Amino acid sequence: MSLLSTRINLDAISHNVRRLKELVGPDVRLMCVVKADAYGHGVEKVAPVMLKAGADVLGCATVDEAVALRKLGIDAELVAWMWEPDQDLSDALSSNIVIGVPSLAHAQVLVDIEVPVKVVIKVETGMHRNGVDPAQWDEVFTVLRDAEHIEVTGLMSHLACADEPDNPHTDIQAAEFQQAVYRARELGLECPINHLANSPATLTRKDLHFDQVRVGLACYGLEPVAGLDHGLEPAMTWAANIINVKPIKKGESSCYGLTWTAPADGYLAVVPVGYADGLPRSIQGSLEVTISGKSYPHVGRVSMDQIVVDLGENPFGVSPDDEVIIFGEGGQSATQLADAAGTINYEIVCRPTGRTKRTYEGGIDL
Ligand SMILES: Cc1ncc(COP(=O)(O)O)c(C=O)c1O
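Residues numbered from 1 in each chain as written. Predicted model: local features only at pLDDT ≥ 70, side-chain atom pairs only at ≥ 80, totals over all residues. Heavy atoms only, no water.

A.B. asks: Please explain the site of the ligand as it appears in this structure.
C.D. replies: The full set close to the ligand counts 14 residues, and Lys35, Tyr39, Ser199, Gly216 and Tyr346 are the nearest of them. The side chain of Tyr39 places a nitrogen or oxygen atom 2.6 Å from an oxygen atom of the ligand. Within the contact set of the ligand, an oxygen atom lies 2.6 Å away from a side-chain nitrogen or oxygen of Tyr346. Relative to its free-state accessible area of 390 Å², the ligand is covered by the protein chains to the extent of 93%. (Near = heavy atom within 4 Å. Polar contact = N/O pair within 3.5 Å; in protein donor to acceptor, adjacent residues only side chain to side chain. Areas by Shrake-Rupley, 256 points an atom, 1.4 Å probe, with all protein chains shown as cover.)

A.B. asks: Please clarify how the pattern of salt bridges should be interpreted in this entry.
C.D. replies: It is possible for side chains bearing opposite charge to pair when their charged atoms get close. Taken as a whole and assessed by the stated rule, the structure comprises 15 salt bridges. Its salt-bridge partner being Arg355, residue Asp305 comes within 2.9 Å of it at the nearest N-O pair. Of this pair, Asp305 sits in the loop between β15 (294-299) and β16 (307-312) while Arg355 sits in the loop between α11 (345-350) and β18 (357-361), placing them 50 residues apart in sequence. Asp305 sits in the partly exposed class, given a relative accessible area of 32%. Linking Arg351 and Glu347 is a salt bridge whose minimum nitrogen-to-oxygen distance equals 2.9 Å. (Salt bridge = Lys/Arg side-chain N within 4 Å of Asp/Glu carboxyl O. Helix = DSSP H or I, 4+ residues; strand = E, 2+ residues; numbered from the N terminus. Buried < 20%, exposed > 50% of the residue type's maximum accessible area, 1.4 Å probe, protein only.)

A.B. asks: Can you help me understand the nonpolar core in this one?
C.D. replies: One broad rule of soluble globular proteins: the nonpolar side chains tend to lie buried together. Ranked by size, the top nonpolar core spans 118 residues in total, and within it Met50, Leu58, Ile121, Leu144 and Leu155 carry the most contacts. For this core, the element with the highest residue contribution is helix α1 (residues 10-24), accounting for seven residues. Apart from residues no more than four positions distant in its own chain, Ile121 is found in contact with Val101, Val132, Val140, Phe141, Leu144, Val152, Gly154, Leu155, Met156 and Leu189. Counting seven residues, the second largest nonpolar core, distinct from the first, contains Trp260, Ala262, Leu268 and Val270. (Core = buried A, V, L, I, M, F, W, Y, C linked by side-chain atoms within 4.5 Å. Contact = heavy atoms within 4.5 Å.)

A.B. asks: Please explain the UniProt feature "binding site: substrate" (unreviewed entry) in the protein as it appears in this structure.
C.D. replies: The UniProt record annotates "binding site: substrate" (unreviewed entry) at Arg129 and Met304. Taking the farthest pair of C-alpha atoms as the criterion, the annotated set spanning 176 residues is dispersed, since that pair is 33.8 Å apart. By secondary structure assignment, the location of Arg129 is in the loop between β6 (117-122) and α7 (134-146). What Arg129 contacts, discounting residues up to four positions off in sequence, is Glu124 and His158. Along the polypeptide, Met304 turns up in the loop between β15 and β16. Here Met304 is in contact with Gly274, Tyr275, Ala276, Asp277 and Arg355, once residues within four sequence places are set aside. (UniProt positions renumbered as here; feature names shortened; annotations may be inferred.)

A.B. asks: Even after reading the chapter, I still don't get the packing of α7 against helix α8 (residues 169-186), so can you show me in this structure?
C.D. replies: The geometry of a pair of packed helices is captured by two quantities: the angle between their axes and the separation between those axes. One can describe the packing of α7 onto α8 by two numbers: an axis separation of 10 Å at closest approach and a directional angle of 30°. Relative to α8, the element α7 is oriented roughly parallel. By crossing handedness, the relation of α7 to α8 is classed as right-handed. Where α7 approaches α8, its residues Pro134, Trp137, Asp138 and Phe141 are matched on the opposing element by Glu176, Gln179, Ala180, Arg183 and Ala184. (Axes fitted to C-alpha atoms, helices over the stretch in contact; angles between N-to-C directions. Parallel < 35°, antiparallel > 145°, perpendicular 65-115°, else oblique. Left-handed = near helix turned anticlockwise from the far one by under 90°.)

A.B. asks: Sorry, what's going on with the domain arrangement of the protein here?
C.D. replies: Interfaces are often described in size by the accessible area the parts lose on coming together. Its domain assignment divides the protein into domain 1 (10-220) and domain 2 (236-361). Taken over C-alpha atoms, the centre of domain 1 sits 38 Å from the centre of domain 2. Opposite the 10 residues of domain 1 that make contact, domain 2 presents eight residues. Summed over the three residues of domain 1 that lose the most area to domain 2, namely Tyr39, His41 and Leu217, the buried surface amounts to 50% of that side. Counting the contacts that link domain 1 with domain 2 gives one salt bridge. The residue Arg358 makes a salt bridge to Asp37 at a minimum N-O spacing of 3.1 Å. Between domain 1 and domain 2 we count four residue pairs in polar contact (both at pLDDT 80 or more) in total. With three residues, the single largest contributor to the side of domain 1 that touches domain 2 is helix α2 (residues 35-40). When its residues are assigned to classes, the side of domain 1 that touches domain 2 shows four nonpolar, three polar and three charged. (Domains from an automatic or database assignment. Buried area = accessible area lost by both parts, 1.4 Å probe. Nonpolar A, V, L, I, M, F, W, Y, C, P; charged D, E, K, R; others polar.)

A.B. asks: I tried to follow the sheet that holds strand β13 (residues 266-271) on my own but got confused; where do I start?
C.D. replies: Across a sheet, strands are paired by hydrogen bonds formed along the backbone, either parallel or antiparallel in direction. The strand order across the open sheet built from nine strands is β10-β13-β16-β15-β14-β17-β9-β1-β18, with neighbouring strands paired in mixed fashion. Every other strand in the sheet has two partners, leaving β10 (244-248) and β18 as the edge strands with one partner each. Going across the sheet, the axis of each strand differs from the next one's by a mean of 35°, ignoring polarity. With five bridges joining them, β13 and β16 adopt antiparallel strand pairing. (Pairing = 2+ DSSP bridges.)

A.B. asks: Quick question: what am I supposed to make of the sheet that holds strand β8 (residues 212-215) here?
C.D. replies: If you walk across this open sheet you meet the seven strands as β7-β6-β5-β4-β3-β2-β8, and the pairing is parallel. A single partner strand is all that each edge strand has here, and the edge strands are β7 (150-156) and β8. If you compare each strand with its neighbour and ignore which way they point, the axes differ by 30° on average. With six bridges joining them, β6 and β7 adopt parallel strand pairing. Considered in β7, the bridge of Val120 is made with Gly154. Helix-sheet contacts for helix α6 (residues 104-113) involve β5 (98-101), β6 and β7, and the interaxial angle to β5 is about 140°.

Structure representation (structure tokens):
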């Protein structure tokens, strides 16, 4: 038994991917985004579940992530969109990875290498982060078209504000993206597979699905837009086992800086999770945890390895070894924890680290 663990429910991932497949329908391909170790869920276990549940393609950020997946024996279509122009691409080129091209310099590298490769051109449409600027569309489209060893699968772009459904910027980006596809086709690129939608756009803007959607967060069961419910099941639970329960007297203070003082005689539970394990130190003062279905406040500062929880008079007899849910099944959601920490659920599921051990449930039909 581990003192601190994330439990990943593979059946929840399978359910979510099936749900997303239904939602996009048969004419749109589903890319499940598995970058950053599948958003902290463990790509090695999660990727096969996603493919079995109907994912058509897996998306990585870095080319190295995609190569690692191939080495794990995943033979599905893989796309990766982050690499440096002076990076050694030999493993990626021999691993049949669709490589994203976000600039003329990147395009030129692939042209000069003269090794057969499939690419997706990442175009700038208004996020201003990483993509070919409109002023260079023609040149990039043309050099890639003229390189016989390069197959352009299509265009992609990323939305800046899709998690705000009323933000007009999404329509501006969509129109710009449509323009890029027209222009590429005018210049002779077929571009059969174009993709723009992330989780929020996939869930809220069917009109922006194009030929493929790129879904990360929703595969892991979290809603990207507050207040929506698409029947997704959160896959991650972060839990710890209490290592000590000790009394504290009214007026005594606890943890670094003695920032919290007991208002009455009571008990504290010591929980082995700290900022070295990914719990944001900034959450002190607003973290609630759950023990046997009851909510308790964390008090004092978050230390590197531990926190304390105020049990009050401990009316329910909490004792060492009892399980504390930091977020997930049986406790508050990752989204609630994110709200308390002033961040987003994307960050929360990527946080458990340090001494956290990952365990898996479900997925037995694989
Ligand atoms: C280029 C790109 N596409 C798709 C995604 C998936 O986004 P989401 O997790 O909102 O589905 C990401 C993640 O940030 C991304 O960087």
